[in-house]
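Structural overview for review
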Amino acid sequence: MAEKTGPPPSYPDLSAEQTQGGPSSTTSPPSYNDVTGVAGINLIVKAADFAARRHRTQKRKDHAQTPYINHPVGVAYILTSIGRVTDPVVLAAAYLHDTVEDTKTTIEEIEMEFGKEVRKIVEEVTDDKSLPKATRKALQVEKAPHKSPQAKLVKLADKLYNLRDLERSTPHGWDKKRVKEYFKWSRDVVAGCKGTNDALEAALDDIINRNL
Ligand SMILES: [Mn+2]
């Protein structure tokens, strides 16, 4: 085995970036419009790798302290297995959907590594963390109908994953009322994403009706 040679050049880990003042690149972002075949597979796998690096120290809020990366992986799998989604741009965005909101990753970095199509979707599903939580939740309901179909797909799969988690086990410090409020809020966000994917919407209707 070789000695530690530091982080790989493309997207080093965050501590390295901080000491180096962040990534600098003069090349223009790639385009993944209608990407298919090997290029599509490469885009998806690269996104999975990037998300795993960026979320590597984070845990979910469940009792089992599941690694955070299980969530984006599960969201991508919901899209392929239930939604029958095969667009590599949407699947890459699913892996990356929480990197800007929950890690130090910037939206510009997403564009440089994954192109403007993926950037647009990630941007559409990223909440503005400078706003109070109640405002962010209200904005999700308000803005959902105006999102692109690709962003709606990621949103639907994200909500389905989170509701399944919530149905399976109640997070630390949550009472029944808070769980119910979360289902109600999710129902309102999902309502704004309707007409996008029948199978995902049916699965969401089922779990929401079961819990309200
Ligand atoms: Mn998410």
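Residues numbered from 1 in each chain as written. Predicted model: local features only at pLDDT ≥ 70, side-chain atom pairs only at ≥ 80, totals over all residues. Heavy atoms only, no water.

Let's shift gears to the coordination of the manganese ion. Put simply, a metal with four donors set out as a tetrahedron has ideal angles of 109.5 degrees, and one with six donors set out as an octahedron has ideal angles of 90 or 180 degrees. Of the protein atoms, only H71 (NE2), H97 (NE2), D98 (OD) and D158 (OD) coordinate the manganese ion, at distances of 2.2 to 2.3 Å. All donors of the manganese ion come from a single chain, and their spacing in sequence reads H-x25-H-D-x59-D. Separated by 26 residues along the polypeptide, H71 in helix α3 (residues 70-81) and H97 in the loop between α4 (88-96) and α5 (99-102) bring together distant segments of the chain. Given the relative accessible area of 1%, H71 is considered buried. Taking relative accessible area as the criterion, H97 reaches 1% and is therefore assigned buried. (Donors = N, O, S within 2.8 Å, 3.2 Å for Na, K, Ca; no water. Helix = DSSP H or I, 4+ residues; strand = E, 2+ residues; numbered from the N terminus. Buried < 20%, exposed > 50% of the residue type's maximum accessible area, 1.4 Å probe, protein only.)

Of all hydrophobic cores here, the largest spans 52 residues; its most connected members are L43, L79, L96, F114 and V118. Elements represented by at least two residues in this core include exactly α2 (37-54), α3, α4, α6 (107-124), α8 (149-168), α9 (176-191) and α10 (198-211). Ranked by residue count, the leading element in this core is α8, at 9 residues. Among residues more than four places away in sequence, those in contact with L79 are R84, V85, V90, L91, A94, L153, A157 and L200. (Core = buried A, V, L, I, M, F, W, Y, C linked by side-chain atoms within 4.5 Å. Contact = heavy atoms within 4.5 Å.)

With 20 residues, α8 should reach 28 Å at 1.5 Å per residue; the first-to-last C-alpha distance of 29 Å fits that figure. Taking burial as the measure, the 20 residues of α8 include 15 buried ones, the bulk of the element. (Expected span 1.5 Å × (residues − 1).)

Looking now at the packing of aromatic side chains. The full count for this structure, using the stated rule, is 3 aromatic pairs. Centroid distance F50 to F114: 5.4 Å. Interplanar angle 90 degrees. Geometry classified as edge-to-face. One end of the pair, F50, is in helix α2; the other, F114, is in helix α6, and 64 residues separate them in sequence. Judged on exposure class, the residue F50 and its partner F114 are both buried. Between W174 and Y182 the ring centres are 5.7 Å apart and the planes differ by 55 degrees, which places this aromatic pair in the tilted class. For the pair W174 and Y182, a shared accessibility class is recorded, and that class is buried. (Phe/Tyr/Trp six-rings, centres within 6.5 Å; stacked < 30°, edge-to-face > 60°.)

To continue, consider the side chain of H55. Looking at where H55 falls in the secondary structure, it is placed in the loop between α2 and α3. At 2.7 Å, the side chain of H55 and the side chain of Q58 are in polar contact. Excluding residues that lie within four positions of it along the chain, H55 makes contacts with Y68, I69, P72, D98, T99, D102 and T103. (Polar contact = N/O pair within 3.5 Å; in protein donor to acceptor, adjacent residues only side chain to side chain.)

Non-glycine residue Q65 carries a positive phi angle of around 55 degrees. With respect to the element layout, Q65 can be found in the loop between α2 and α3. Its identity as a non-glycine residue notwithstanding, R84 has a phi of 55 degrees, on the positive side. Looking at the secondary structure, you find R84 in the loop between α3 and α4. A residue is classified by how much of its surface remains accessible, and R84, at 65% relative accessible area, is exposed.

What follows covers the side chain of E201. Mapped onto the secondary structure, E201 falls in helix α10. Discounting residues that sit within four places of it in the chain, E201 has contacts with L156, C193, K194, G195 and T196.

A separate point is α6. For α6, spanning 18 residues, the distance from its first C-alpha to its last is only 11 Å, which falls clearly below the expected 26 Å at 1.5 Å a residue. Taken as a whole, α6 carries its principal kink of about 135 degrees at G115. Within α6, 13 of the 18 residues are buried, leaving the element largely enclosed by the surrounding structure. (Bend = angle between axes of the 7 residues up to and from the residue.)

Here α9 crosses α10 at 150 degrees, and the two axes come no closer than 10 Å. Note that α9 runs across α10; the crossing there is left-handed. In this structure, α9 uses K180, F183, S186, R187 and V190 to contact α10, whose residues at the interface are L204, I207, I208 and N211. Each residue belonging to the contact of α9 with α10 can be placed in one class, and the counts come to 5 nonpolar, 2 polar and 2 charged. (Axes fitted to C-alpha atoms, helices over the stretch in contact; angles between N-to-C directions. Left-handed = near helix turned anticlockwise from the far one by under 90°. Nonpolar A, V, L, I, M, F, W, Y, C, P; charged D, E, K, R; others polar.)

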